[in-house]
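What follows is each chain in one-letter form.
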Amino acid sequence: METVIDFGKLIAPAFYPVHRDIVRGGHTYYDLYGGRGGLKSSFISLDIVLGMMKDPQANAVVFRKYGVTLRESVFEQVQWAIDELGVGHLWEMNVSPMQCVYRPTGQKVIFRGLDKAKKTKSIKTAQGYFKYLWFEELDEFQGPEEIRTVQQSVLRGGERFVVFKSFNPPITAVSWANQYVAEPRNDSYRHKSSYLDAPPEWLGQQFLDDAEHLASSPYRLPKVFMPVRPFIGSLQVFRIVK
């Protein structure tokens, strides 16, 4: 029995080119940034779950700076992605240890906080390797050195890696995260999104009204953080065998 998944209906059109680049192995690092409502976390969680189900050797580890924030942010986000894909019966969710396990193969999405640096040394997988790595709220981490240390500890034993870094840009231009995405890198794909990239019905009228009010307010964010125009395209359909 198969589950037919039209991935193009689950992600905003603005993220079609990002997904296509991931599928063809165009880059290692995917830096997604922009305002709230830009669907960054939704896209990343969906792409990780679908990618793992298509690659039996792939596992994932998701980081927040502080472990206490995991359960009500990225853990619930990945559960949402699993439900959106209609494959909840194929996954087992555990809070202690915090992980999502793909029942057919034992692949795992593991969640960790970096409030204790030694946590990265204890991350192991019995099968395959950590193909996916996600740093959520990138600007909360100490800086690029902390990120590099984690990557060097986790990204081992595989031929292909996909590293997501997502955040809402701080207002200050001197933020290390803002400077990081402004630095050109050939192995990185940078993508900026905003609430204007989301289908309106996904966000709701109240969110849109509040966003428009902020955009017209004298206290609005600097222009560099304002919305970008969306990309319109199409995507393929995947089949998942139950």
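Residues numbered from 1 in each chain as written. Predicted model: local features only at pLDDT ≥ 70, side-chain atom pairs only at ≥ 80, totals over all residues. Heavy atoms only, no water.

Peer 1: What am I meant to see in the overall build of the chain here?
Peer 2: Within the chain, the secondary structure is distributed over seven helices and 10 strands. Sorting the 242 residues of the chain into buried and exposed places 50% on the buried side. Summarising the internal contacts of the chain: among those between residues at least 6 apart in sequence, 76% fall at separations of at least 24. Summed over its atoms, the accessible surface of the chain is roughly 12300 Å², and 51% of this surface lies on carbon and sulfur atoms. (Helix = DSSP H or I, 4+ residues; strand = E, 2+ residues; numbered from the N terminus. Buried < 20%, exposed > 50% of the residue type's maximum accessible area, 1.4 Å probe, protein only. Contact = heavy atoms within 4.5 Å. Areas by Shrake-Rupley, 256 points an atom, 1.4 Å probe, with all protein chains shown as cover.)

Peer 1: When you look at the pattern of salt bridges in this model, what are you seeing that I'm missing?
Peer 2: Side-chain pairs of opposite charge can arise where the charged atoms are in close proximity. Using the criterion set out here, one finds eight salt bridges in the structure. A salt bridge links Asp21 to Arg24; its shortest N-O distance comes to 3.2 Å. Between Asp187 and Arg185 there is a salt bridge whose closest N-O contact spans 2.7 Å. The exposure class assigned to Asp187 is partly exposed, which follows from its relative accessible area of 28%. A relative accessible area of 34% means that Arg185 is categorised as partly exposed. (Salt bridge = Lys/Arg side-chain N within 4 Å of Asp/Glu carboxyl O.)

Peer 1: Quick question: what am I supposed to make of the sheet that holds strand S5 (residues 98-102) here?
Peer 2: Whether parallel or antiparallel, the strands of a sheet pair through hydrogen bonds between backbone atoms. With mixed pairing, the eight strands of this open sheet are ordered in space as S4-S5-S6-S3-S7-S8-S2-S9. Unpaired on one side and paired on the other, strand S4 (91-95) and strand S9 (188-193) mark the two borders of the sheet. Direction aside, neighbouring strands of the sheet carry axes that sit 15 degrees apart on average. As judged from the four bridges shared by S5 and strand S6 (residues 107-113), these two strands associate in the antiparallel manner. Each residue of the ladder has a partner; that of Val101, found in S6, is Lys108. Along the sheet, helix H4 (residues 144-154) makes contact with strand S2 (29-34), strand S3 (58-64), strand S7 (129-136) and strand S8 (162-167), crossing S7 at roughly 160 degrees. (Pairing = 2+ DSSP bridges. Axes fitted to C-alpha atoms, helices over the stretch in contact; angles between N-to-C directions.)

Peer 1: Even after reading the chapter, I still don't get the side chain of Asn178, so can you show me in this structure?
Peer 2: Position of Asn178 among the secondary structure elements: in helix H5 (residues 176-182). Within the structure, the side chain of Asn178 is placed 2.8 Å from the backbone oxygen of Thr172, a separation counted as a polar contact. (Polar contact = N/O pair within 3.5 Å; in protein donor to acceptor, adjacent residues only side chain to side chain.)

Peer 1: Explain the side chain of His191 to me, please; I cannot follow it from the model alone.
Peer 2: Within the secondary structure, His191 sits in strand S9. Note on His191: relative accessible area 9%, which makes it buried. Aside from chain neighbours lying at most four places away, what touches His191 is Ala14, Phe15, Val18, Asp31, Leu32 and Tyr33.

Peer 1: Can you walk me through the packing of aromatic side chains in this structure?
Peer 2: Two aromatic rings are characterised by how far apart their centres lie and by the angle between their planes. What the rule picks out here adds up to 11 aromatic pairs. Centre to centre, the rings of Tyr33 and Phe167 are 6.0 Å apart; their planes meet at 20 degrees, and the pair counts as stacked. Taken together, the positions of Tyr33 in strand S2 and Phe167 in strand S8 put the pair 134 residues apart, joining distant regions of the chain. On the accessibility criterion, Tyr33 (19% relative accessible area) is buried. When its relative accessible area of 1% is taken as the criterion, Phe167 is described as buried. Each member of the aromatic cluster is reached from another via a ring pair, and the members are Phe15, Tyr30, Phe43, Phe164 and Tyr189. Its guanidinium or amino end placed over the ring of Tyr180, Arg190 lies 5.1 Å from that ring's centre, counting from NZ or CZ. (Phe/Tyr/Trp six-rings, centres within 6.5 Å; stacked < 30°, edge-to-face > 60°. Lys NZ or Arg CZ within 6 Å of the ring centre and 35° of its normal.)

Peer 1: Is there a simple way to explain helix H3 (residues 71-84) in this structure?
Peer 2: A turn of α-helix holds 3.6 residues, and therefore any two residues three or four places apart point the same way. The first and last C-alpha atoms of H3 sit 18 Å apart over 14 residues, in line with the 20 Å expected at 1.5 Å per residue. Residues of H3 that are buried: Val74, Phe75, Gln77, Val78, Ala81 and Ile82. Against the buried residues of H3 lie helix H2 (40-54), S3, S4, S5, S6 and S7. Phi turns positive, to about 70 degrees, at Gly86, one or two residues after H3. (Expected span 1.5 Å × (residues − 1).)

Peer 1: Looking at this structure, I do not really get the nonpolar core. What am I missing?
Peer 2: What tends to happen in soluble globular proteins is that the nonpolar side chains get buried as a cluster. Residues Phe15, Phe43, Leu85, Trp91, Phe111 and Phe164 are the most contacted members of the largest nonpolar core, which totals 45 residues. Take this core: its biggest share by element is eight residues, from H2. Core analysis: the next-biggest nonpolar cluster, separate from the first, contains 24 residues, Phe130, Phe141, Val163 and Trp176 among them. (Core = buried A, V, L, I, M, F, W, Y, C linked by side-chain atoms within 4.5 Å.)

Peer 1: Could you clarify how one ought to interpret unusual backbone geometry in this entry?
Peer 2: In this structure, the amide linkage connecting Ser96 to the following residue, Pro97, adopts the cis form with an omega of 0 degrees. The residue Pro97 is located in the loop between S4 and S5 in this model. Phi at Glu137 is positive, roughly 55 degrees, even though this residue is not glycine. When you line up the elements, Glu137 lands in the loop between S7 and H4.

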